[in-house]
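Topology and contacts: notes
Residue-level listing of the chains:
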Amino acid sequence: MSRQMSATLRLGLPTVLPAVLTAALVWGVGLPAGAAEASPLEIPEIHGFLQAHGAARLGGVGCDPGTACDGPFNEQRLQLKAEGGGLEGALGYAGKIDLLHDAALGESEADIRELYADYNAERYTLRAGRQVVTWGVADLLFINDTFPKDWTAFYGGLPLEYLKRGSDALRLDLFPEFADVQLVLADFRPDRLPDRERFVFPGQAIQAELDEPSGLEVGLRVSRYIGSWDGALYLSRTHYRAPALRQVGAIWQGGFPRLNAYGASLSGPLGSGVLNLEAGYYDSVEDRDGNDPAIENSQTRLLAGYSRQIGADTTLGVQGYVEWMHDHDAYRRTLPAGQTERDELRGVATLRLTRFQMHQTLRLSLFAFWGISEGDGYIIPSARYAFSDALWGEVGANLLVGDRSGQFGVLGDNDNLYMTLRYAF
Amino acid sequence: MKLTRLFLVLILALFAAASVQAQPGADDIVARSLETFYYAGDDQRTRVSMRLINPQGKERKRVMTLLRKDLGGEGEQRYFIYFHEPSDVKGTTFMVWKYPAREDDRWIFIPAIKLVRRIAADDKRSSFVGSDFTYEDVSGREVGDESHSLLDETDLDGRPVYRIESVPKAKADYVRRLSWVDRERWLPLKEEYYDGRGELLRTFTADQVREVDGHWTVTHRTMRDAQSGHHTEVVYDEVNYGVGLDDDLFSERYLQRPPRQWIR
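Notes on the structure follow. (Residues numbered from 1 in each chain as written. Chains lettered and ligands numbered in written order. Predicted model: local features only at pLDDT ≥ 70, side-chain atom pairs only at ≥ 80, totals over all residues. Heavy atoms only, no water.)

The description of an aromatic ring pair uses the distance of the two centres, along with the angle that the planes make with each other. In this structure the tally under the stated criterion is 25 aromatic pairs over all chains. Aromatic side chains Tyr119(A) and Tyr124(A) sit 6.1 Å apart centroid to centroid with 40 degrees between the ring planes, which places their arrangement in the tilted category. Among the residues examined, Tyr124(A) registers a relative accessible area of 3% and is labelled buried. Note that Lys190(B) overlies the ring of Trp180(B), its terminal NZ or CZ placed 4.8 Å from the centroid. (Phe/Tyr/Trp six-rings, centres within 6.5 Å; stacked < 30°, edge-to-face > 60°. Buried < 20%, exposed > 50% of the residue type's maximum accessible area, 1.4 Å probe, protein only. Lys NZ or Arg CZ within 6 Å of the ring centre and 35° of its normal.)

It is worth spelling out helix H2 (residues 26-38) of chain B at this point. Residues and elements named next belong to chain B. Between the first and last C-alpha of H2 there are 18 Å, a value that for 13 residues agrees with the 18 Å anticipated at 1.5 Å per step. Three or more residues of H2 are buried, namely Ala 26, Ile 29, Val 30, Ser 33, Leu 34, Thr 36, Phe 37 and Tyr 38. On an axial view of H2, the arc spanned by its buried residues comes to 165 degrees, and they lie on one face. (Helix = DSSP H or I, 4+ residues; strand = E, 2+ residues; numbered from the N terminus. Expected span 1.5 Å × (residues − 1). Arc of directions from axis to C-beta.)

Below, the discussion takes up the interface of chain A and chain B. In this assembly, 58 residues from chain A lie in contact with 38 residues from chain B. Counting the surface lost from both chain A and chain B, the interface buries some 3,800 Å², and carbon and sulfur atoms represent 43% of this. Here chain A is connected to chain B by 10 salt bridges. Residue Arg257(B) is joined to Asp118(A) by a salt bridge in which the shortest nitrogen-to-oxygen separation is 3.7 Å. (Contact = heavy atoms within 4.5 Å. Buried area = accessible area lost by both parts, 1.4 Å probe. Salt bridge = Lys/Arg side-chain N within 4 Å of Asp/Glu carboxyl O.)

Two side chains carrying opposite charge are able to pair once their charged atoms lie near each other. Here the structure, examined in full by the defined rule, presents 54 salt bridges over all chains. In this structure, Arg117(B) engages Asp139(A) in a salt bridge whose closest nitrogen and oxygen atoms are separated by 4.0 Å. Remark: Asp139(A) occurs in the loop between strand S5 (124-131) and helix H3 (151-155) and Arg117(B) occurs in strand S6 (residues 115-119); the pair is interchain, linking two chains. The two residues Arg117(B) and Asp139(A) agree in class, both being buried. Two residues, Arg192(A) and Asp150(A), come together in a salt bridge whose shortest N-O distance is 2.7 Å. Of the two residues, Arg192(A) is situated in the loop between strand S7 (180-187) and strand S8 (208-211) and Asp150(A) in the loop between S5 and H3; the sequence distance between them amounts to 42 residues. On the basis of relative accessible area, Asp150(A) is assigned to the buried category, the value being 7%. Among the charged side chains, a salt-bridge network with shared partners connects Asp118(A), Arg127(A), Arg171(A), Asp173(A) and Arg257(B).

Turning our attention to the nonpolar core. Ranked by internal contacts, the top residues of the largest apolar core, which has 45 residues, are Met50(B), Met64(B), Ile81(B), Phe128(B) and Ile164(B). The leading source of residues in this core is H2(B), at 6 residues. Core analysis: the next-biggest nonpolar cluster, separate from the first, contains 28 residues, Tyr162(A), Leu400(A), Phe408(A) and Leu411(A) among them. (Core = buried A, V, L, I, M, F, W, Y, C linked by side-chain atoms within 4.5 Å.)

The next point concerns the side chain of Arg177(B). Residue and element names in this part refer to chain B. Inspection of the secondary structure assignment puts Arg 177 in strand S9 (residues 176-182). Classification of Arg 177 as buried rests on a relative accessible area of 3%. At 2.7 Å, the side chain of Arg 177 forms a polar contact with the side chain of Glu 191. Other than its neighbours up to four places away in sequence, Arg 177 contacts Arg 141, Glu 146, His 148, Ile 164, Glu 165, Ser 166, Glu 191, Glu 192 and Tyr 193. (Polar contact = N/O pair within 3.5 Å; in protein donor to acceptor, adjacent residues only side chain to side chain.)

At a separation of 3.1 Å, a polar atom in the side chain of Asp150(A) contacts the main-chain amide nitrogen of Thr152(A). Non-local contacts of Asp150(A), meaning those with residues more than four positions away in its chain, are made with Tyr162(A), Leu163(A), Arg165(A) and Arg192(A).

Moving on, we come to unusual backbone geometry. Look at the link from Glu85(B) to Pro86(B): it is a cis peptide, with omega at 0 degrees. Positionally, Pro86(B) belongs in the loop between strand S3 (76-85) and strand S4 (93-98). The phi dihedral of Leu140(A) is positive, around 60 degrees, even though this residue is not glycine. In this structure, Leu140(A) sits in the loop between S5 and H3. Phi at Val129(B) is positive, roughly 45 degrees, even though this residue is not glycine. Tracing the backbone through its elements, the reader meets Val129(B) in the loop between S6 and helix H3 (135-139).

Note that all results are geometric; they support no functional claim without further evidence.
Dropping the structure here:
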């Protein structure tokens with residue numbers, strides 16, 4: 001399928017980008033006043049941080065030899081961030097690069113987290129390059145945010161920003177009277193999922209060749225204020241970002257099946273708090289009848305969340321989330337023997353409790369997922385202390401409990417304690 | 001005889017009228033003070049430095065640009081705050097749609113994850129960015145939130161002031177507030193907050209007052225926590241009124257991409 005995709009949609013970003021930029025400049029009638037005679041690029045501001053992060057696994061299950069599962073994270077990174085603009089704000093650019101030493105796996109790399117240029121006109125803005133896009137109103141549950149994520153970083157306790165991976169994308173925002181319209185054209189990037197180098201899983205390792213889709217993914221978001229409410233509609237023509245694996249003879253092959261997602265969200269005041277509602281329909285294009293056990297069935301996802309202050313500097317948030325698998329009968333019929341059957345309805349509840357103390361130098365936080373239908377859970381307590389404006393440290397834990405066949409429970413041997421220290425400049 | 005009486009009544013009436021004019025009611029003084037302090041001009045751009053100083057003298061610093069625009073005459077306002085420092089939160093923006101009769105709408109943008117999030121606004125008494133100022137101190141309160149009485153007219157550091165006592169009508173973290181309001185410029189020059197036992201909680205002082213674009217402005221102020229000794233100093237590095245901020249500046253678009261024209 002991915003090969004088919006690349007045949008019909010062989011327009012990669014590099015081909016499309018110059019044309020779109022030219023078109024944008026030609027249409028740039030709405031340039032901010034004075035932009036034409038303004039000075040060119042400003043000198044960039046350079047900032048960044050030095051960060052050390054370590055995690056130690058709790059529990060006694062043995063590690064496979066040669067893996068780092070007892071100390072899955074021991075990394076030091078230098079992030080350099082440059083930002084600037086020009087032409088009276090018509091141009092902007094930003095880059096964020098991490099120089100990473102991963103002592104757990106004995107590797108070093110340069111990771112371009114973000115690198116993009118902005119063009120701002122009166123009626124539209126363009127952003128081209130590697131960029132993070134975040135959609136939806138849910139908290140650590142994702143329905144309409146189909147953009148790539150790094151679950152390895154998340155389960156390892158890295159700061160939240162590392163959950164989001166940048167997309168190589170062209171983003172166009174239009175601002176007509178009736179709504180804000182955002183169009184994102186992006187190259188495919190998979191999620192980064194916990195692997196056996198750092199995590200312990202039951203069963204045997206599977207070596208699979210993964211075939212990544214080529215061609216552009218398309219996302220469209222239309223949003224507007226409706227009174228005091230923020231409403232948004234979302235469309236994504238994308239792929240599942242976790243691989244679907246199938247055995248062909250003796251070898252395993254994997255791909256990233258096509259996914260169309262349609263959804264909506266609403267966020268606004270209720271009582272003295274904020275109510276968030278989000279819904280989405282996942283159309284599993286390559287398995288619409290649900291007969292292919294390797295590919296996810298289509299789904300409907302619904303979420304309601306509420307957060308409010310429960311005291312000075314203390315916030316409580318709760319969410320209820322349901323995933324309804326379509327064609328569950330077909331799924332059951334075709335499920336290979338020996339595999340644990342998933343429920344037709346998967347329910348998850350979450351709780352977030354955040355409290356600031358000591359003039360907000362101390363942040364105490366608890367986030368908990370409770371897999372209602374799967375009987376598992378994931379609890380993340382943490383404490384962050386700012387020693388100064390430049391230096392903060394955080395200690396916390398990732399605790400995965402309950403049924404080993406559940407989405408959280410499967411990581412049950414990977415409870416860890418983590419510590420992060422960051423010096424920002 | 002009759003005439004003398006009438007004359008006396010007239011004189012007394014005039015006297016009363018004059019004294020009403022010279023000594024407005026406490027509510028009027030507070031209303032005018034809030035108007036001057038929070039609603040000067042149609043809009044305002046301010047670059048603010050905030051120093052948070054703990055009892056040991058250790059300092060933290062916040063630098064931000066604050067944009068404000070008043071919509072109509074009913075007290076509806078829009079606020080936009082961009083954080084320049086510290087570097088770890090640089091680029092974070094914060095937007096408030098403030099309504100006179102109901103809870104504000106508030107949004108925050110966290111640049112590291114490009115996340116716009118609506119946040120609960122029921123925290124008027126919570127600390128603003130870890131300082132000794134509360135959200136309410138930054139964006140203002142309503143006259144009707146407290147019952148006011150005029151204690152006397154006096155002088156404070158050479159300025160003529162009204163001394164006002166205010167008692168919150170709903171439960172708050174203080175039970176009594178004393179304020180010294182400039183009788184000519186209508187700015188609060190000092191405020192003291194007391195708890196139920198009569199202990200001083202916090203003291204606000206206007207340390208420097210300047211006239212900017214025709215509006216008297218507190219350009220240097222301090223809030224001191226009397227119990228912990230922690231205090232916060234706020235200095236307006238730049239301030240201007242009537243700069244011509246558009247309504248649509250206060251929207252998600254600019255929350256995500258702060259207007260460079262105003263954020264310098």
